[in-house]
Each structure stands twice: as structure tokens, then as C-alpha cells.
Amino acid sequence: MAIVRSLCGECAVGCGIRAVTGEERRLHLEGDSAHPANGGLLCAKAKRLRDGCALDGRLLHPLVEGRRQGWERTIALLARRLAAVLLRHGPGSVALHVGGGMPTEDYYVANKLMKGFFGSAHIHAPWRGAIDRLHRAAFGEDVMPASFEDIGSAGLILMIGDALVTDHPVLFDRVQAMRAESGVRLVLVAPAGAGAGLDVDLHLPVAQKAIAPLLRGLLLHVHDADMGQADGRPPALAPPDFWQSLRPGHDIWSVARTCGLSPQGVRDFYDLWASQDRVLSLFSAEDAAISTAILNLHLVTGRIARPGAGPFALGRAANGMGAREVGCLADTLAAHRDFTPDSIVDAQRFWGARTMAQAPGLEGEALLQAIRDGAVRALISIGDDAGAMDWLAQARSGVTLSIRASTCADAAADGWTALLPAPVGIEQDGTMTALDRLVSRQRRLFDLPGEVRSGWWMLTRIAQAMGWGDAFHYERPADIYREHVRLTAYGNIGERVLNLKRHAPISNPAYAELTPWRWGEVPFDDGRFPTPDGRARLLPLQLSSDAAMD
């Protein structure tokens, strides 16, 4: 029997677990009372971890063209075929799909291999939503400005939709506990019938497509009432004609008609929001129009970078934050850097890159079209992602070389060139970052069965077989973590909030015993943002479509 402190890994809250393991993969779970994300709470999602104990239906050995092969031959074959694709079709001929629940170390190696050695930024991450792009546009960097602790300091919590209840129940339990303890006001804006039975102070039954207009109307209301920030901080810069373009259709009476509410009901909500200095907004990261309106609202009123106040976007990927930290996305480079000439040179020098990607890559439908056009000839998929199966099937059928790391033996019937046995959550080992920048260790609860290997191991061995062993010399996750940490500090003299240099010298034992810690302290609390002039930017209004970004 062994006792291991690890992470649930089933959603982005990052709850700590205390696991008791036994022979024949027996597992007992309880919440880790010492973990700051959940303080011992666990929701029903944690039960899924026990599903990983069974080995029935697992992919336990590499398969090439449907036949079992050993790792050595599999790696050698894939390295040769990837090299042939790159030689014949060039750097942009390889694409990557990533699931949302892998350790940060896996994302780091995948991103480095793709952008620094394959020379490709074609990375499909269907779980990403819109918020990382909006954070960069508004703040100058993809930084979550709030934390779970702000729930205990807020005077008003604005909950958009009921995703908090259905997707992040532990977080909602914290909200309800603070309502009982401190009397924080809770306002729910969601379609009629959503959140039935919830204990809220006010529920505005607004259709999904009308939520963004309601929030834009609130933005205009606080502006016209001169309720903007008054703390001496430089105001956010607005796009040309921002306020003039906001006026049509966003007065209280027009908003009331759009939302199916009474004008007095709309005014009461607006006055309640404006009367609270400490407002925390909890909303889904999937909808670009709603996210835009909330970020603008908090920037205009200064309800950000102070205890109990700020916009808090709820993502659905368990470690989407970790993937964003290392830049494992199509339009970012690494360590919260964009594809600027200086950043490209720095990454190339730091990595010792052979063929460096020079521009953002393709994702989603645009990447599928590049596959259909023959511009992309090889596809690598790591991290199981149930929501992307249709996309993967289309992409796989259009390439000549398809490599998938999977936990499921059923994938053998899907026509992949090579299937590589990957770990389930309780077998993963590395770090993950929760929604609020809290980095925690996910420790392996059971030894890897059969010939299962971690994602970073597979990609490292492929890179070594392709002749890049000097740049891919990793033997353990701690090696990757140290390099990731150093890259966040490389050339970073205060321009970026993401700077993990305090962990640059971390030893293997210290990494093994790593306790949860949050990077960024209280972002933007000095009133400065990581933009050229130190000021935030209001986001252009999305008036024509409230759909989520692809």
C-alpha cells in the first residue's frame, strides 16, 4: 500500500487528491485537505480516475500498420518517415493535435519539436476557446488576473451561465460556502431554466445570444454615469470611435427588449453591479463576445488587480493553462511570446533549433483544408480528446503518415499508421497549471503497464532518432520542467508576467516533492500591463456575431 498526493486532472480547477493505492491497481481517493484549490473537496468527476485502474481495452504496445512492434523499431521507422516527409515537402508539412489533459512537460517537448525542429506551428488545440487571444489583446499577455482566493474577498460574484455548476462544481461549492460565511452577493445571468434550484440573490433569465448585449449595455451605463476607475491608474486605451459604436442598441430600453427583461430589472442589475467595488465575474472562456464584454467592463471600471475583483474565465481543458504557458498553440511561440522577430531569434538560440517556425500556423478547419490540399502530409496526435474525434478522422484520412498516442485499443481500427500506447491520468507524471495560475504536481499513482510511455518520452526518442539528441536529452520530467522554467526567464527583464526563474535550480528531489505554487503574484496590481506603454487595451466590440471563436 502507498499513499500519494497528486491531482484529479479531470477539469481545470486542479483539485488535489490523496490516493491510497494497493495491489492489482486498487485505488482509494479522497480530497487533499492541504491543497489550496479544493481544501479537501472533491466532486463526482474524481470517480473517473478509478476507471483508469482497469486495463481492459487499453492499448499496451506500439502498433505499426496494425501490427505489434517494439519501441526501438517503432521509433526508428517513425523517425525515418518523418524525415522523409520534411525533406520532400518542407517544414510546414507536419501538423500536431493536442488534447487538453496532458502534463505541461509533454506540451513543452511537443511544442519545441514542432516549432524548433519540424519548423511548423500547425497545432490544433480544439479546447482552447477564445480567452487566450483576448487576454493577449487586452492585457498584452495571456494572464489570468484573478485567483480562487478572490472568491473569499468579493462583494459581488457575477456568474454567467451555469457552467460553473455543471463543469466546476468544487469551485461553485466554494462560492456557496463564502455566501454563507461572508454574505457575498451572487447574480446569475443565464437562460431560463438554467441553474434551477440554485441559491442566488438575482437570476436574470437571458437567452445565450442576449448575454453579450446585456453586458455591453452595462459597459455603456457605467461609462455614461462616469463610474469608471478612479484610483489614479492610467485608463485602458479604447479603439477609435469605441463609445460611439457602442451606443446604438445598448441603452437600457433597447437592452431590455433584446433580453426580454423590464427596463427597471435591467437598471437594478446595472446599479447593483456598479455599487460594488469588489466584483468577480465567472464566465465560460468559449464565447468570444461575452468574454470581450466582461474584459472591457472590468478594465473600464478598474475592477481588476485587486482582492475580490476581476474577470475569471473558466476553461474546460484540465491543463489548458500549462499548454498556453509553453506556447503549444498555433499562434504563440513559447513562454508567452508571440511570433516577433526577437522572440523567434531568442527561441531558436535557446533551443538550438535546426529549423525554426517563422510565423503562426493553422488550426481547425484551415488546417483541414491544408491537409486536403496536400500541403500537410504528416499528423501527430497526442492526448486523448473525445471532442475532436471527427476532426481527427478527417485529418488522418488526408495525410500519408499518421501517428497517434492513445490509451484506447479500439483506436487500432481507425487506420492510423502508428499507434503509441499512452498513459491514463493516474499514470501521468509532471506538473499541471490550474485556471488561476496555480502549478501543482501530478504524480503517478501506478507504474506504467505493458509498454506504455509518457508523451514527452515518445517525442524525445523520436527527436533523438532524427539526430537532435543534443537538444532533446531529457531522462525525466524534472529535466523538462527546469528547461521550461529557464525559458520563461530567458531575456525576460520584466516584460512578461510569466517568469518562473525561482525554480530554475530546482533539484530532482525538490521537483518530486514540489508543493502547489502560483506564478504572477497579483498581476497588474501596480497598474501597469505588459504592453509597450504599460496600458491595457479595450477590445473591439463584437456586435455582428456572438459566436465563440474557432
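Residues numbered from 1 in each chain as written. Predicted model: local features only at pLDDT ≥ 70, side-chain atom pairs only at ≥ 80, totals over all residues. Heavy atoms only, no water.

Observations regarding unusual backbone geometry
Next up, step 1: Positive phi values are uncommon outside glycine, yet His336 reaches one of about 60 degrees.
Next up, step 2: Turning to its location among the elements, His336 is positioned in the loop between α12 (320–326) and α13 (341–351).
Next up, step 3: At Glu521, a position not held by glycine, the phi torsion is positive, near 50 degrees.
Next up, step 4: Of note, Glu521 is situated in the segment after β18 (517–518).
Next up, step 5: The exposure class assigned to Glu521 is exposed, which follows from its relative accessible area of 64%. (Helix = DSSP H or I, 4+ residues; strand = E, 2+ residues; numbered from the N terminus. Buried < 20%, exposed > 50% of the residue type's maximum accessible area, 1.4 Å probe, protein only.)

Some details on the packing of aromatic side chains
Each aromatic ring pair is characterised by the separation of its centres together with the angle its planes make.
Next up, step 1: This structure, assessed with the given rule, holds 14 aromatic pairs.
Next up, step 2: Ring centres 5.6 Å apart and planes at 5 degrees place the aromatic pair Phe148 and Phe312 in the stacked group. Linking Phe148 in the loop between α4 (131–139) and β8 (156–160) with Phe312 in strand β12 (residues 310–314), this pair joins segments that are 164 residues apart in sequence. Across this residue pair, the class does not change: Phe148 and Phe312 are buried.
Next up, step 3: Positioned above the aromatic ring of Phe472, the side-chain terminus of Lys112 is 4.7 Å from the ring centre.
Next up, step 4: Taking the ring centre of Trp457 as reference, the NZ or CZ of Arg453 above it sits at 5.5 Å. (Phe/Tyr/Trp six-rings, centres within 6.5 Å; stacked < 30°, edge-to-face > 60°. Lys NZ or Arg CZ within 6 Å of the ring centre and 35° of its normal.)

Considerations on the pairing of strand β2 (residues 16–22)
Next up, step 1: Counting buried positions along β2 gives 5 out of 7 residues, so the element sits mostly inside the fold.
Next up, step 2: By the bridge criterion, 6 bridges tie strand β1 (residues 2–7) to β2 in an arrangement that is antiparallel. Bridging across to β2, Ser6 finds its partner in Ile17.
Next up, step 3: Pairing geometry for β2 and strand β3 (residues 26–31), over 6 bridges, is antiparallel. When the sheet's bridge partners are listed, Ala19 is paired in β3 with Leu29.
Next up, step 4: Counted along the chain from β2 to the antiparallel partner β3, the turn is 3 residues long, and its residue Glu24 has a positive phi close to 60 degrees. (Pairing = 2+ DSSP bridges.)

Structural notes on the environment of Asp271
Next up, step 1: With respect to the helices and strands, Asp271 occurs in helix α10 (residues 263–275).
Next up, step 2: For Asp271, a relative accessible area of 35% gives the class partly exposed.
Next up, step 3: As a C-alpha pair, Asp271 and Ala305 span 34 residues in sequence and 22 Å in three-dimensional space.
Next up, step 4: Among the polar contacts made by the side chain of Asp271, one reaches the side chain of His221 at a distance of 3.4 Å. (Polar contact = N/O pair within 3.5 Å; in protein donor to acceptor, adjacent residues only side chain to side chain.)

Some words on the nonpolar core
Next up, step 1: Of all hydrophobic cores here, the largest spans 113 residues; its most connected members are Val189, Leu214 and Phe269.
Next up, step 2: The residues touching Val189, leaving out its near neighbours within four places in the chain, are Leu158, Met159, Ile160, Gly161, Leu204, Val206, Ile211, Leu214 and Phe269. (Core = buried A, V, L, I, M, F, W, Y, C linked by side-chain atoms within 4.5 Å. Contact = heavy atoms within 4.5 Å.)

Here's the deal with the sheet that holds β3
Next up, step 1: Strands sit in the order β1-β2-β3 across an open sheet of 3 strands; the sheet is antiparallel. The outermost strands of the open sheet, each flanked by one partner alone, are β1 and β3. Sheet twist, expressed as the mean angle between neighbouring strand axes with direction ignored, is 25 degrees. (Axes fitted to C-alpha atoms, helices over the stretch in contact; angles between N-to-C directions.)

Notes on the packing of helix α7 (residues 208–224) against α10
Next up, step 1: It is the contact of α7 with α10, at a shortest axis distance of 10 Å, that shows an interaxial angle of 60 degrees. Relative to α10, α7 is oriented oblique. Both α7 and α10 take part in a crossing whose hand is right-handed. In this structure, α7 uses Leu214, Gly217, Leu218, His221 and Val222 to contact α10, whose residues at the interface are Val266, Arg267, Phe269, Tyr270, Asp271, Trp273 and Ala274.
Next up, step 2: Tallied by class, residues from the contact of α7 with α10 come to 8 nonpolar, 2 polar and 2 charged. (Parallel < 35°, antiparallel > 145°, perpendicular 65-115°, else oblique. Left-handed = near helix turned anticlockwise from the far one by under 90°. Nonpolar A, V, L, I, M, F, W, Y, C, P; charged D, E, K, R; others polar.)

Quick notes on the sheet that holds strand β17 (residues 438–442)
Next up, step 1: One open sheet holds the 3 strands; their spatial order is β16-β17-β18, and the pairing between them is antiparallel. Across the chains shown, the open sheet's two edge strands, defined by having one partner strand only, are β16 (430–433) and β18.

Examining the side chain of Glu483
Next up, step 1: Note on placement: Glu483 falls in helix α17 (residues 477–489).
Next up, step 2: At 2.8 Å, the side chain of Glu483 forms a polar contact with the side chain of Tyr108.
Next up, step 3: Look past the residues within four positions of Glu483 in its chain and what remains in contact with it is Tyr108, Lys112, Phe350, Trp351, His473 and Tyr474.

None of the figures reported here should be taken as evidence of function without further support.
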